[in-house]
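Structure at a glance
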Amino acid sequence: MHTNTRVALRVTGALVAIAAVTSGCSQDTGTGTAGKGVSPPRSAHGLGDIIVGGQAVTGSKPSHLAKVPYQRTYTNGPLYAPVTGYRSMVYGNTGLEAVYDHTLGAGASGAAPGNVTTTIEPALQKAAFDALGDQQGAAVALDADSGELLAVVSTPSYDPARFSGRGAKDAQAWQAATTDSRSPMLNRALKEPDAPGATFSVVVAAAALEQKLYTTVDESTVSPLTFVLPLSTTRITGTSPQCENASIRTALRRSCANVFVKMAADMGLTRLGATAGKFGFNDDTLKVPLSVAESGYPTVGTSSAGVALTGIGAGEVRATPLAMARVVAAVANGGRLVPPQLVKRVTDADGSTHRPPEAEDGRSARRAISRGTADALREVIGRNGQTGWTVGRKGQSATSWFIGCTDAPGGRRTAVAVRIEGLSPPSGGDDGGHAAAEVARKILAGAS
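What comes next is a walk through the structure. (Residues numbered from 1 in each chain as written. Predicted model: local features only at pLDDT ≥ 70, side-chain atom pairs only at ≥ 80, totals over all residues. Heavy atoms only, no water.)

Right, let's get into the overall build of the protein. A tally of regular secondary structure across the protein gives 14 helices and 19 strands. Looking at the protein as a whole, 57% of its 448 residues are labelled buried. The long-range fraction of contacts in the protein, counting pairs at least 24 apart against all pairs at least 6 apart in sequence, stands at 71%. Surface accessibility of the protein: about 17500 Å² in total, with carbon and sulfur atoms responsible for 50%. (Helix = DSSP H or I, 4+ residues; strand = E, 2+ residues; numbered from the N terminus. Buried < 20%, exposed > 50% of the residue type's maximum accessible area, 1.4 Å probe, protein only. Contact = heavy atoms within 4.5 Å. Areas by Shrake-Rupley, 256 points an atom, 1.4 Å probe, with all protein chains shown as cover.)

Let's shift gears to the packing of aromatic side chains. Given two aromatic rings, their pairing is described by the distance between the two centres and the angle made by the two planes. A full pass over the atoms with the stated rule returns eight aromatic pairs. Between Tyr-86 and Trp-174, the aromatic rings sit 5.5 Å apart at their centres with planes inclined by 80 degrees, giving edge-to-face as the arrangement. Placement of the pair is Tyr-86 in the loop between helix 2 (77-84) and strand 6 (87-88) and Trp-174 in helix 6 (residues 168-179), with a sequence separation of 88 residues. The exposure classification of Tyr-86 matches that of Trp-174, with both residues buried. For the pair Tyr-158 and Phe-163, a centre-to-centre distance of 6.0 Å together with 15 degrees between the ring planes defines the contact as stacked. Pairwise contacts between aromatic rings join Tyr-86, Tyr-91, Tyr-158, Phe-163 and Trp-174 into one cluster. (Phe/Tyr/Trp six-rings, centres within 6.5 Å; stacked < 30°, edge-to-face > 60°.)

The strands that make up a sheet pair up through hydrogen bonds in the backbone, lying either parallel or antiparallel. Spatially, the five strands line up as an open sheet ordered 10-9-19-18-17, and their pairing is antiparallel. The open sheet is flanked by strand 10 (149-155) and strand 17 (386-391), the only strands paired with a single partner. Across the sheet, the axes of successive neighbouring strands diverge by a mean angle of 10 degrees, strand direction being ignored. Pairing geometry for strand 17 and strand 18 (residues 398-407), over six bridges, is antiparallel. Bridged to Gly-388 within strand 18 is Trp-401. Packing of helix 12 (residues 321-332) onto the sheet brings it into contact with strand 9 (136-143), strand 10, strand 18 and strand 19 (413-423), and relative to strand 19 it is tilted by some 145 degrees. (Pairing = 2+ DSSP bridges. Axes fitted to C-alpha atoms, helices over the stretch in contact; angles between N-to-C directions.)

What follows concerns the nonpolar core. Ranked by size, the top nonpolar core spans 89 residues in total, and within it Met-263, Phe-279, Phe-281, Tyr-297, Leu-322, Leu-342 and Leu-377 carry the most contacts. Once residues lying within four places of it in the same chain are set aside, the contact partners of Tyr-297 are Phe-200, Leu-269, Leu-272, Gly-273, Ala-276, Phe-281, Asn-282, Val-307, Thr-310 and Val-317. Counting 20 residues, the second largest nonpolar core, distinct from the first, contains Ala-139, Val-416, Ala-436 and Ala-440. (Core = buried A, V, L, I, M, F, W, Y, C linked by side-chain atoms within 4.5 Å.)

Before going further, it helps to examine the environment of Thr-299. Mapped onto the elements, Thr-299 comes out in the loop between helix 10 (257-278) and helix 11 (304-309). In this structure the C-alpha to C-alpha distance between Thr-299 and Gly-273, which are 26 residues apart in sequence, comes to 6.9 Å.

Take Val-391: it is sitting in strand 17. The exposure class of Val-391 is partly exposed, given its relative accessible area of 21%. Along the primary structure Val-391 and Ala-195 are separated by 196 residues, whereas in three dimensions their C-alpha atoms are 9.6 Å apart.

Between Thr-155 and the following residue, Pro-156, the backbone shows a cis peptide bond with an omega angle of -5 degrees. On the secondary structure map, Pro-156 appears in the loop between strand 10 and helix 6. Omega for the peptide link from Val-288 to Pro-289 comes to 15 degrees, which places this bond in the cis form. Phi angles above zero are rare outside glycine, and Ser-183 is one such case at about 50 degrees. With respect to the helices, strands and loops of the structure, Ser-183 is situated in the loop between helix 6 and helix 7 (188-191). Looking at Ser-183, the relative accessible area reads 31%, which means it is partly exposed. Of note, Ser-255 is a non-glycine position whose phi angle comes to about 60 degrees, a positive value.

Bringing the sheet that holds strand 14 (residues 343-347) into the picture now. On the basis of which strands lie adjacent, the open sheet formed by five strands has the order 3-2-8-14-15 and mixed pairing. Each end of this open sheet is capped by a strand with a single partner; those strands are strand 3 (55-56) and strand 15 (353-354). Where strand 2 (residues 50-52) meets strand 8 (residues 115-118), two bridges bridge the pair, whose relative direction is parallel. Opposite Ile-50, over in strand 8, you have Val-116 as the bridge partner.

Scanning all chains against the criterion turns up 17 salt bridges. With a shortest N-O distance of 3.6 Å, Asp-49 and Arg-72 are connected by a salt bridge. Of the two residues, Asp-49 sits in the loop between helix 1 (6-9) and strand 2 while Arg-72 sits in strand 5 (residues 70-74), which places them 23 residues apart along the sequence. No difference in accessibility class separates Asp-49 from Arg-72, as the two residues are buried. A salt bridge links Arg-188 to Glu-421, with the nearest nitrogen and oxygen atoms 3.6 Å apart. Here Arg-188, found in helix 7, pairs with Glu-421, found in strand 19; they are 233 residues apart in sequence, far enough to count as distant. Accessibility classification places Arg-188 together with Glu-421 in one group, the buried group. In the salt-bridge network here, residues are joined through shared partners; they are Asp-49, Arg-72, Arg-87, Glu-97 and Asp-101. (Salt bridge = Lys/Arg side-chain N within 4 Å of Asp/Glu carboxyl O.)

In structure tokens form, the structure reads like this:
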């Protein structure tokens, strides 16, 4: 006897209109700004600074200790902690503080320090941080053409200034941060892959078009309303009668899980995995230059039923918010996967500047999908975005996802991915993706 798990899976992908703050994604191309309007570090002493929006978000003060002569200070520490990381007299350093320790920490050895200028835009960073609030989640916004990261937010966050010193209060603050059950020191935007739910259906749709399973987004698919997973008794039923043999356009807009599990089953692990790989999955070398957790699509040892479930971002698929932002960015920019970058330039003590290797605009970009496929999918999801949600194994909490893109003045395309964890599972006809979509709406409003 078949068992129906339509309610148990609870993975949807309804399109959420945010037309009030979006106007599609044009084909204009952004330009770089390396070396323009740069001032040398303010002082040949102390620690160098991390710059956001032209302003230092770090500082330093004398510690009166010979071995560690300066103590780091922070402005809006929790807001920028996923970017700066921390620098502590006792507990070491992480984030950009660690990656550019040789530049920022030069003053500790008597040499003149340098500064590190980030790509972060303060308005978008704050919009994302405020919108997430105390929720457990993350948001990433990036320039779809250049790959510049405009916002990298993880909540709940922590204040690196609270344990930058070596006193009893610093030790107490460190203990509190490192033992907090909500893991405030985890950079969820870059380092926590999770099942992406129906947002991954965009990758599946791209694969179906690239692999010529279907030729257009408006062609009817071969998708029974209720699809039985291969070699299984598990049924996946579409959310509406219109999901039967629905086109890709309709399937994305109406959360037709039956369509995408059937597509995944038809393409198989190798073909679908090849497209996922072109979107950046299964890459364990990516740095921004902060290290990034690998987003994965299964390669071997997955059952036929498990392969089908990857069509709705379930099973063994895992993605960080950064990975899903890159997916929608590639769709928006004509099919190019551009390396993400967090650092715009490094300024040495003498005022000379240089760009880090990952900041060479588009130089290492590669094609993920054809322009025709990208343009077709952008026309479907560009104005509205794509939502998804997943329910934990015990069914006690849910995760909400959103990916989307909008245009800013001057034609810059901003791609956004939002994930919110620990929500109550949606009930009735509620789409749990709306929680992440609401956060994204506020971020995209700041980008328009």
